[in-house]
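A structural walkthrough
So you can see what is in the structure, the chains are spelled out below.
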Amino acid sequence: MEDKKSQRVYVKTYGCQMNFHDSGILREGLKKKGFSISSSAAEADIIIFNTCSVREHAEQKVFSDIGRVKGKTVVLAGCLATQVVKGGRKGKKTAPRLDFYFTPAELNSIPDILAGGAGTRNGLPQPGSKNPDDASFNRDISEKTGTIKISEGCGNFCSYCIVPYVRGTEKPVLFDEIINSAKKIVKEGINDILLLGQNVNSYHSPDDPGKDFSYLLKSLSEIKGIKKIGFISPHPRDFNDKVIGLIAGNDKISKSIHLPLQSGSDKILSSMKRGYTSKDYIALAERLRKACPDITLSTDIIVGFPGETDEDFNMTLSLLEKIGFNSIFGFKYSVRPFTEASNFPDDVPLEKKKERLQVLFEKQNMIVNKNRI
Ligand code: SAH
Ligand code: SF4
Ligand code: F3S
């Protein structure tokens, strides 16, 4: 039999920082099992697609990429794999051939299973056990920042979002494990860390709820050799004064805050189940700016959510003006399987969504240019 371990693997990653982090750890695991890591799909024997399913567009991109692969072992991993396994693509075209599926929770078993160690049944993995030596941090693309996952999944169930269904509900990592990862990062000569989670500021260590996000930030900042600590993403509802105080008063904590707003209309925010009003959001932005005038704020906006009228959209535009974000990410709403909003009529026509997205970006450009003068 061919020696599987000499096979070359290419890992293609889609989606959020969390996925890029997971892919980095996966590559390390594959190397430990003797696989060689390819830098291009063309020269690889196995291609692992570590995927995202947060918006429909992300999903289509993956399947069109997989459709072009010929004569290689194809592995579908990550959030889209959960969606497929749970039947969230029924009636839709998938790829012509997929050899393995691995959900995010099964990612650690990929090296073992591909090496033939753990065996498979009908192409579906039998999840392997987590290797205690598994790396718990990764380097970002710049190689200058170490990323640490502080929690997996999300329990917020915003009505439009698939993440809780494909990644599971929130599972925080033990405080001591995070601290150990940070210390390992410093030993590797990296001084900047980026904490990852879908809702970082709801963090509580599973063994001691008193060890919350502010305690974690403060403890990390006391580690010798750590110079900068960033985090994505905090949730507006879970910000407290202790964290704001640290951002303002602790030089090591990043002053670039990504604070997803989603909409400026209270009707839409409530239907999205975001847990705050536009007034709450403005008050939080003011508290942050007052405590720390040199803070930079960025955000995520969804346009065309079910029931969004021109009036609702205009409220988002005026909120952009009021807050003056340094940058924004804007998305057209797309229906996601399993979600509460998938039962709402997707009643904003695609053309209208496109138009609103364009108006949104134009507005943001005007705001940024005005602030520059
Ligand atoms: N956990 C992060 C967001 C992760 S998803 C947070 O809540 O801050 C990244 C962004 O994708 C979201 O902030 C949202 O703006 C967008 N998004 C999520 N689901 C979407 C959907 N169904 N349609 C369009 N955009 C969506
Ligand atoms: Fe999705 Fe909401 Fe969780 Fe973000 S906070 S991952 S948008 S459910
Ligand atoms: Fe996408 Fe999964 Fe991240 S759905 S945004 S890769 S958590």
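My aim in this report is to walk through the structure given alongside it, one point at a time. (Residues numbered from 1 in each chain as written. Chains lettered and ligands numbered in written order. Predicted model: local features only at pLDDT ≥ 70, side-chain atom pairs only at ≥ 80, totals over all residues. Heavy atoms only, no water.)

1. Examining the site of ligand 2
As a reminder of what qualifies: When at least one non-hydrogen atom of a residue lies within 4 Å of a molecule or strand, that residue is treated as near it. Each residue gets one of three labels, nonpolar for Ala, Val, Leu, Ile, Met, Phe, Trp, Tyr, Cys and Pro, charged for Asp, Glu, Lys and Arg, and polar for the others, Gly among them.
Every residue lining ligand 2 is accounted for by C154, N156, F157, C158, Y160, C161, V163, P164, Q198, H235 and R274. In the shell around ligand 2, the residues fall into 7 nonpolar, 3 polar and 1 charged.

2. Details of the sheet that holds strand β18 (residues 327-332)
Inclusion rule: At least two bridges found by DSSP between two strands is the condition for calling them paired. Comment: elements are numbered from the N terminus, with helices defined as DSSP H or I runs of at least four residues and strands as E runs of at least two. Orientation is described by axes fitted as lines to C-alpha atoms, over the contacting stretch for helices, and by angles from 0 to 180 degrees between their N-to-C directions.
One open sheet holds the 3 strands; their spatial order is β16-β17-β18, and the pairing between them is parallel. Each having just a single partner strand, β16 (256-258) and β18 make up the two edges of the open sheet. Sheet twist, expressed as the mean angle between neighbouring strand axes with direction ignored, is 15°. Bridge count for β16 against strand β17 (residues 296-303) is 3 bridges, and the pairing is parallel. Paired with S256 across the two strands is T296, which belongs to β17.

3. Looking at the packing of helix α8 (residues 241-249) against helix α10 (residues 278-291)
We apply this condition: Take the far helix as your reference; a near helix turned counterclockwise from it by less than a right angle gives a left-handed crossing, and one turned clockwise gives a right-handed crossing. Whether two residues touch is decided by their heavy atoms; if any such pair falls within 4.5 Å, the residues are in contact.
Across the interface, α8 lies against α10 with an axial gap of 9 Å and an inter-helix angle of 35°. In this structure, α8 meets α10 at a crossing whose hand is right-handed. Note on element contacts: α10 touches α8 through L284, R287, L288 and A291, opposite D241, I244, I247 and A248. Among the residues making up the contact of α8 with α10, the classes are represented as 6 nonpolar, no polar and 2 charged.

4. Considering unusual backbone geometry
Omega for the peptide link from I232 to S233 comes to -15°, which places this bond in the cis form. Tracing the backbone shows S233 in the loop between β15 (228-232) and α8. At Q262, a position not held by glycine, the phi torsion is positive, near 80°. Tracing the backbone shows Q262 in the loop between β16 and α9 (266-272). Residues other than glycine seldom take positive phi values, yet F338 does so here, at roughly 75°. Counting through the fold element by element, F338 comes out in the loop between β18 and α12 (350-372).

5. Describing the packing of aromatic side chains
For clarity, the cut-off: Ring pairs shown here join Phe, Tyr and Trp side chains whose ring centres sit within 6.5 Å, with only the six-membered ring taken for Trp; geometry is labelled stacked below 30 degrees between planes, edge-to-face above 60, and tilted in between. Any residue under 20% of the maximum accessible area for its type is buried, any over 50% is exposed, and the rest in between are partly exposed; the area is computed with a 1.4 Å probe on protein chains only. Placement of a charge over a ring requires the Lys NZ or Arg CZ to be within 6 Å of the ring centre, with the centre-to-atom vector within 35 degrees of the ring normal.
Evaluation of the coordinates by the stated rule reveals 11 aromatic pairs. With 6.5 Å between their ring centres and 25° between their planes, Y14 and F49 make a pair best called stacked. Taken together, the positions of Y14 in the loop between β1 (8-13) and α1 (17-32) and F49 in strand β3 (residues 46-51) put the pair 35 residues apart, joining distant regions of the chain. We note that Y14, like F49, is buried. Ring geometry for Y165 against F338: centres 6.0 Å apart, planes inclined by 35°, an arrangement best described as tilted. With Y165 in helix α5 (residues 163-167) and F338 in the loop between β18 and α12, the pair connects residues that are 173 residues apart, well separated along the chain. Since its relative accessible area comes to 23%, Y165 is described here as partly exposed. Taken together, the aromatic side chains of Y160, F305, Y333 and F344 make up a single cluster linked through ring pairs. Across the ring face of Y14, the terminal group of K12 is positioned such that the distance to the ring centre comes to 5.1 Å. For K86, the ring lying beneath its charged end belongs to F338, and the centroid distance is 5.6 Å.

6. Some words on the environment of V173
Relative to the elements of secondary structure, V173 occurs in the loop between β11 (171-172) and α6 (175-187). Along the backbone, V173 and H204 are 31 residues apart, and their C-alpha atoms lie at a distance of 8.6 Å. Beyond its immediate sequence surroundings of up to four residues, V173 is in contact with K149, I150, S151, I178, Y203 and P206.

7. Some details on the site of ligand 3
Lining the immediate surroundings of ligand 3 are C16, N19, T51, C52, S53, V54, C79, R167 and Q198. Of the residues contributing to the shell around ligand 3, the split by class is 4 nonpolar, 4 polar and 1 charged.

8. Quick notes on helix α7 (residues 213-221)
Of all the 9 residues making up α7, 7 are buried; the element is thus mostly covered by neighbouring parts of the structure. Regarding α7, the residues found buried are F213, S214, L216, L217, S219, L220 and S221. On its buried face, α7 is in contact with α6, β12 (192-196), β14 (208-212), β15 and α8.

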